[in-house]
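Read off the chains here:
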Amino acid sequence: MSTTVVETHRPIWRRLIGFNLLTGIVFGVVGYYIGWFIGHHITGASVAYFSGIDQNDISVTLGYLLGVGGFLIGLGFGVYPWARIRGYPPSLREKETQGASRYFGLCTDHKVVGIQYMIGIGLFFFIGGLNAMLIRVELLRPASQVFPAGQYLTLVGMHGTMMMGIMTSAILGPFANYFVPLMIGARRMAFPRIESLTFWLLMAAGAILTTTIFFGGFPTGWTGYEPLNSQANTGMDSYLVFFALVGISMCLLGLNMLATIITMRAPGLTWSRLPIFCWGVVSTAILNLLAAPVLIAVLGMAVFDRTVQTTFFNPQGGGSPYLYQNLFWVFGHPEVYILALPGMGIVLEILPVFARKPLWGYRLAVSGLLGVTLLSWLVWQHHLFVSGINSDLRPFYMLSTELISIPTGFTFLCGLMTLWRGQIRFSVPLLFSLAWFFNFLIGGLSGVFLSDVPSDVTTHGSFFSMAHFHYTIMGGLVFAFFAAIYFWAPKMFGYTLNERLGKIHFWVMFISFNSTFAPLFAIGFLGQPRRTVTYAQHLQFLNDWVSISAFILGGSMLIFLYNFVYSLLFARIRAPQNPWSSVSLEWQLPTPVPLHNFDRIPVITGEPYGYGSPGIAAIPAAGPAGGSA
Amino acid sequence: MTEFAAHETDYEVVEGEPAELLGRNLNSAGHLLASATAFFFLAFLFAYFYLRSLNNAGLWHPKHVSPPVTLGTLVMALTVLSATLVRLGVADQRAARRPEWRLKAAIALAVGIGAIVVQVVAWTTMGFGPADGGYASVFFGWTAFNILFIVGALYWLENLLATAIRYRNVPVGADPKPGHASGDPGRPGHDIGNPLSLVRPGLEALSFYWTFLAGLGVLAWVVLYLL
């Protein structure tokens, strides 16, 4: 039996020289300076047209683009296209070696890419979270104290942009890449190199966004609104290139997921037998595929406005800033569901395992996910209610936004009915899933206030809307993310995360999360606007409360980090193959999962959630291999 | 509930993954990519009608902004011609007329490159720049990205053509000698069973996408030059 595993025993210095992250960084820096040099040449006297431009956005933008190109070439992404240009036949798998080095470059093993995503996204989540802590430090006092207004805006912008950009792949990146092939009985993703490319593009994007501090930051927040966008200094270019790269990554990720699920399902795995998590992935991937191109297009227009002086968004030149707002939210509102839908899929996947019942209303749940996907295209103008849109448009967008609560309600109904009279075991993944319901309910209900024109007029742009979207996005996405980590870590890493530490993490995070964001509803009602460094004196108590809660919330992440490192590196208690007694296909595989997943292609002969069927244990036969810290 | 198929496969079989599966993947990808491309250009279509309806500062379409209709028509015609040649090449490929399809693909590639050249000529010779109002902005943005997508499609075509030329003497159904495009230096052989048989599904997927892109080019021509 032959495998593609290539054992490498070369000395370390020799291994550092090949295509890997180190080479990628070096090539990236070189590429940046080549672009920077070309940009300066263009903006010099050689081309008269550009000589009148007062800031050198061309240099910065070209630097970033060539830097990304160099980074990818250094990682090894240039080898295959170059060979194909010369006519060599295609291949599927690349750099599927053993050892730690496979995590630091191009690798086509979907399980490696899943773990790369988890670590990479975790890194940028940490940076975004640190920004949030700094914001709350600043808001401990009503007057500006640590950061001047401009720096504060950059801080808020970096936090929001990092979270809304990188976290779009928080579920699909680690968990869908790792588990979709296993769940559908496939040996790989449809396009393994593209799978790896999506990850490294995201990492390049995150690095570029952090460099904005060298160019003075950007003042627009995560939405990048015009005309501030066009007027901002070169730090704005970091934002534009960052989000465009995120958009390309999202689009390719969605394409790859859809192609995989459409074409590579095992025999017998009909659409009506597809695990609900995969349906969540399908819904999200559709939005990724179709919404991200609109984002790339609008950012392309903004880059053109800043570099070659087009006037898409300049009203004095025949353009309009409202064009930006419209196009941005055509992407931006589906993006909210790109963040929420995978969480719904994960929660509905986990509940049957811990309730020992089949998923209630499978088809209803699927229709809920698809209904949200469809309706998310019809609501974007509610973000423009107070921007001066034609008032005749308001009722339609108000109603279409409120309508979206119906398919969302389907998923709630299916989840709660699955729990009804189940043999519930309150393990950590289930706790996070239940918290998801609580948080998302509050987020959803407060969303009705924002979709309703009369109340939106008073709450728009205030901390109320900030509380709302943190309840939906952090309450929905991040809680589902942790549910997924605790649930799937035994399969991904071969070790179970410590249950006791996990419960401590959960309770501290759940309580501090609500203690942080619930008061923001009140703060918003009392009139504190977003993105403003100062606030009224009488709001200090509430703001201090929120800041202290936020610090505890940040501390809860450290509990998780400690648990993660302790369990995987020090305790190292081997997890059984199927610690939760799940009937799902991924748990039937040995741990660690073999390189090519399946020796034999499985044939699916039944429903995905056959709990209660003969032969399925009513209560998990073996608990997770936990232990005390 | 899951059971396993009677036919056992091991990693040797995995290494020779059937090309039909990849063909299906390429077919799906071609359609999905077309959907994404449509939404991308939808943004420019929206921008066109939005800015035209607002006509801010009366600068939607100043009098001196006159699009190069002849060159624009030529770009569109060359794109359509190239896509048509690729479609005809698919028919040749299916009928195992290998030299004929290679010839058509080579001409299609040259015609596609010609479209790019004509577009560059149009940009450099017309009498207005990107800063000359809303229409000029949409014109430059739309045509620039259109060319970018054309370059991508032509790269795909070149890959298929180069493989077909490099292995032109390999009999139908035979495996080529090792020399795959993977970046693994230690790889002993192909991981796709008969990778040359992938040329046809690749060509079919490309043909769909290229035709779709040419259709978008026609739409762009109508909107930018005729309306």
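Residues numbered from 1 in each chain as written. Chains lettered and ligands numbered in written order. Predicted model: local features only at pLDDT ≥ 70, side-chain atom pairs only at ≥ 80, totals over all residues.

1. Regarding the overall build of chain B
Moving on, step 1. Looking only at helices and strands, one finds six helices and three strands in chain B.
Moving on, step 2. Counting helices and strands in the order they occur from the N terminus, chain B gives β-α-β-α-α-α-α-β-α.
Moving on, step 3. The buried share of chain B, taken over its 227 residues, is 44%.
Moving on, step 4. For chain B, contacts bridging at least 24 residues in sequence account for 83% of all contacts bridging at least 6. (Helix = DSSP H or I, 4+ residues; strand = E, 2+ residues; numbered from the N terminus. Buried ≥ 20, exposed ≤ 12 C-beta atoms within 10 Å, placed from the backbone. Contact = placed C-beta atoms within 7 Å.)

2. Quick look at the nonpolar core
Moving on, step 1. In terms of nonpolar packing, the biggest core is built from 260 residues, with Val298 and Ala483 of chain A together with Leu157 of chain B touching the most fellow members.
Moving on, step 2. Examining the composition of this core, we find that 23 residues originate from one element, helix H11 (residues 276–307) of chain A, more than from any other.
Moving on, step 3. Taken domain by domain, the makeup of this core includes at least three residues from each of domain 1 (17–87) and domain 2 (107–357 + 368–387 + 394–588) of chain A.
Moving on, step 4. Apart from the residues within four sequence positions on either side, Val298 of chain A is in contact with Tyr324, Leu327 and Phe328 of chain A together with Ala43 of chain B. (Core = buried A, V, L, I, M, F, W, Y, C linked by C-beta atoms within 7 Å. Domains from an automatic or database assignment.)

3. With respect to the interface of chain B and chain A
Moving on, step 1. The interface of chain B with chain A comprises 64 residues on the first partner and 68 residues on the second.
Moving on, step 2. Mapped onto the side of chain B that touches chain A, the elements with two or more residues apiece are strand S1 (2–4), helix H1 (11–15), helix H2 (19–54) and helix H5 (134–166) of chain B.
Moving on, step 3. Examining the composition of the side of chain B that touches chain A, we find that 18 residues originate from one element, H2 of chain B, more than from any other.
Moving on, step 4. Among the residues making up the side of chain B that touches chain A, the classes are represented as 34 nonpolar, 19 polar and 11 charged. (Nonpolar A, V, L, I, M, F, W, Y, C, P; charged D, E, K, R; others polar.)

4. Quick word on the confidence of the model for chain A
Residue and element names in this part refer to chain A.
Moving on, step 1. The predicted model of chain A has a mean per-residue pLDDT of 90, with 93% of residues at 70 or higher.
Moving on, step 2. Ranking the helices and strands of chain A by mean pLDDT puts helix H19 (residues 499–525) first, with 97, and helix H1 (residues 12–17) last, with 71.
Moving on, step 3. Scored below 50 in pLDDT, residues 618–629 shows 32 contacts in the model against residues more than four places distant or in partner chains. (pLDDT = per-residue confidence, 0-100.)

5. Here's the deal with helix H12 (residues 321–355) of chain A
All names here are of chain A.
Moving on, step 1. The terminal C-alpha atoms of H12, which comprises 35 residues, lie 51 Å apart, in line with the 51 Å expected from a rise of 1.5 Å per residue.
Moving on, step 2. Maximum bend of H12: about 30°, positioned at Trp329.
Moving on, step 3. H12 sits mainly inside the fold: 33 of its 35 residues count as buried. (Expected span 1.5 Å × (residues − 1). Bend = angle between axes of the 7 residues up to and from the residue.)

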